[in-house]
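Residue strings, one per chain:
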Amino acid sequence: MAYSVNNPAGKIVQDVITDLPGLVAIAVVEVNSGMSLASHSNSPALNPDTAAAYNTEVVKQKQKAMTALKLQGESIQDILISLTNQLHLIRLNDNGSKFIYLVVNSRDTNLAIARDVLRTHASQLN
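Treat the numbers as computed from the prediction; the structure is a model and nothing was measured.

J.: How do you make sense of the overall build of the protein chain when you look at a structure like this?
T.: Counting secondary structure elements, the protein chain contains three helices and five strands. When the helices and strands of the protein chain are listed from N to C terminus, the series reads α-β-β-α-β-β-β-α. The C-alpha atoms of the protein chain give a radius of gyration of 14 Å, which matches the 14 Å a tight globule of 126 residues would have. Taken along its principal axes, the extent of the C-alpha atoms in the protein chain is 40 × 35 × 25 Å. In the protein chain, which comprises 126 residues, the proportion classed as buried is 42%. Intrachain contacts of the protein chain at a sequence separation of at least 6 include 48% that bridge at least 24 residues. If you sum the accessible surface of the protein chain, you get close to 6,900 Å²; carbon and sulfur atoms cover 52% of it. In the protein chain, 10 positive and 10 negative side-chain charges are present, and the distance between their average locations comes to 6 Å.

Structure (structure tokens):
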């Protein structure tokens with residue numbers, strides 16, 4: 001899926017690309033369905049729509065684990081997956097219904113900056 005700045009998810013994708021121009025891929029994802037609402041990739045090897053479906057399962061399993069552990073009053077802010085050369089970040093909106101999935105090169109991107117950009121833009125997800 002591509003994105004259009006005429007919808008809120010597409011606007012978020014564009015804004016994150018502006019803030020992190022060297023990103024590898026990004027998707028705005030609906031948790032219940034696992035579907036991308038908007039996505040973009042700078043790498044032909046990485047399909048953010050496919051990754052979105054799999055990462056939705058990561059989010060759902062963590063939510064189930066939190067319920068099993070009775071972690072009341074807690075919510076997932078973000079999930080970080082560190083690979084050899086990439087950082088995969090998942091940032092949920094406040095109610096946990098949507099998330100931004102971001103892939104960056106670990107050598108070229110400051111993790112703190114990437115997390116701050118996601119925090120800022122996830123607050124725009126309804």
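So much for the structure itself; the text now carries on.
J.: I keep staring at the sheet that holds strand S1 (residues 25–30) and nothing clicks. Help me out?
T.: Read from one edge of the open sheet, five strands run S2-S1-S5-S4-S3, paired in antiparallel fashion. The sheet terminates laterally at strand S2 (36–41) and strand S3 (78–82), the two strands that pair on one side only. On average, each strand axis in the sheet is inclined to that of its neighbour by 10°, with strand direction left out of account. Both S1 and strand S5 (residues 98–105) contribute to a ladder of six bridges, which runs antiparallel. For Ala25, the partnering residue across the bridge sits in S5 and is Val103.

J.: Honestly, the environment of Ile17 in this entry has me stumped. Any pointers?
T.: Structurally, Ile17 is set in helix H1 (residues 8–19). Sequence spacing of Ile17 and Leu37 is 20 residues, and the spatial spacing of their C-alpha atoms is 16 Å. Contact partners of Ile17, with chain neighbours within four places excluded, come to Tyr3, Leu23, Ile26 and His40.

J.: I would appreciate a short explanation of helix H2 (residues 48–68) in the present structure.
T.: In an α-helix, one full turn covers 3.6 residues, which means residues spaced three or four apart are oriented alike. Along its 21 residues, H2 runs 30 Å from first to last C-alpha, staying within 8% of the 30 Å computed at 1.5 Å per residue. Restricting attention to buried positions, one finds in H2 the residues Pro48, Ala51, Ala52, Asn55, Thr56, Val59 and Met66. In this structure, the buried residues of H2 make contact with S1, S2, S3, strand S4 (86–92) and S5. Regarding H2, its N-cap is Asn47, as a side-chain oxygen of that residue lies 2.8 Å from the backbone nitrogen of Asp49 further along. Count one or two residues on from H2 and you reach Lys70, which has phi positive near 55°.

J.: What should I look at first to understand unusual backbone geometry in this one?
T.: What you tend to see is this: most non-glycine residues have negative phi, and most peptide bonds are trans. The backbone of Lys70 shows a phi angle near 55°, a positive value even though the residue is not glycine. Tracing the chain through its elements places Lys70 in the loop between H2 and S3. Judged by its relative accessible area of 65%, Lys70 is exposed.

J.: What is the right way to look at the environment of Val59 in this model?
T.: Among the secondary structure elements, Val59 is positioned in helix H2. As for Val59 and Gln14, which are separated by 45 residues in sequence, their C-alpha atoms are 23 Å apart.

J.: What exactly am I supposed to notice about the pattern of salt bridges here?
T.: Per the counting criterion, the structure on display carries four salt bridges. A salt bridge links Lys11 to Asp15, with the nearest nitrogen and oxygen atoms 2.9 Å apart. Placement of the pair is Lys11 and Asp15 together in helix H1, with a separation of four residues, close to one helical turn. In this structure Lys11 comes out as partly exposed when scored by relative accessible area, which is 40%. Accessibility expressed as a relative area gives 18% for Asp15, which makes it buried. In the salt-bridge network here, residues are joined through shared partners; they are Asp78, Arg91 and Arg115.

The rules we used
- Numbers given for residues are sequential positions, taken from 1 along each chain in its written order.
- In view of the model being predicted, local features appear only for residues whose pLDDT reaches at least 70, and side-chain atom pairs are presented and counted only at 80 or more, with totals across whole chains, interfaces and linings using the full set of residues.
- Only hydrogens and water are set aside when side-chain values are computed; all heavy atoms of the structure are taken into account.
- Labels follow the DSSP assignment, with helices taken as runs of H or I lasting at least four residues and strands as runs of E lasting at least two, numbered in each case from the N terminus.
- In this treatment the radius of gyration is a C-alpha quantity, and the globule benchmark scales as 2.2 Å times the residue count to the 0.38 power.
- Only protein chains enter the accessibility calculation, which uses a 1.4 Å probe. A residue is then buried if its area is under 20% of the maximum for its type, exposed if over 50%, and partly exposed in between.
- The contact rule is simple, with two residues in contact once any of their heavy atoms fall within 4.5 Å.
- Using a 1.4 Å probe, the Shrake-Rupley method yields the accessible areas, and only the shown protein chains count as cover for residues.
- Here Asp and Glu are counted as negative and Lys and Arg as positive; His is not counted, and neither are the chain ends.
- Just so you know, the charge point we use is NZ for Lys, CZ for Arg, CG for Asp and CD for Glu.
- Pairing between strands is defined by DSSP: at least two bridges between the two strands are required.
- The angle between two axes is taken between their N-to-C directions and runs from 0 to 180 degrees, where each axis is a line fitted to C-alpha atoms and a helix contributes only its stretch in contact.
- In a helix, the anticipated span is given by 1.5 Å times the number of residues less one.
- Whenever two N or O atoms come within 3.5 Å, that pair is a polar contact, provided that in protein one can donate a hydrogen and the other can accept it, and provided that, for residues adjacent in sequence, both atoms are side-chain atoms.
- What counts as a salt bridge is simple: a side-chain nitrogen of Lys or Arg found within 4 Å of a carboxyl oxygen of Asp or Glu.

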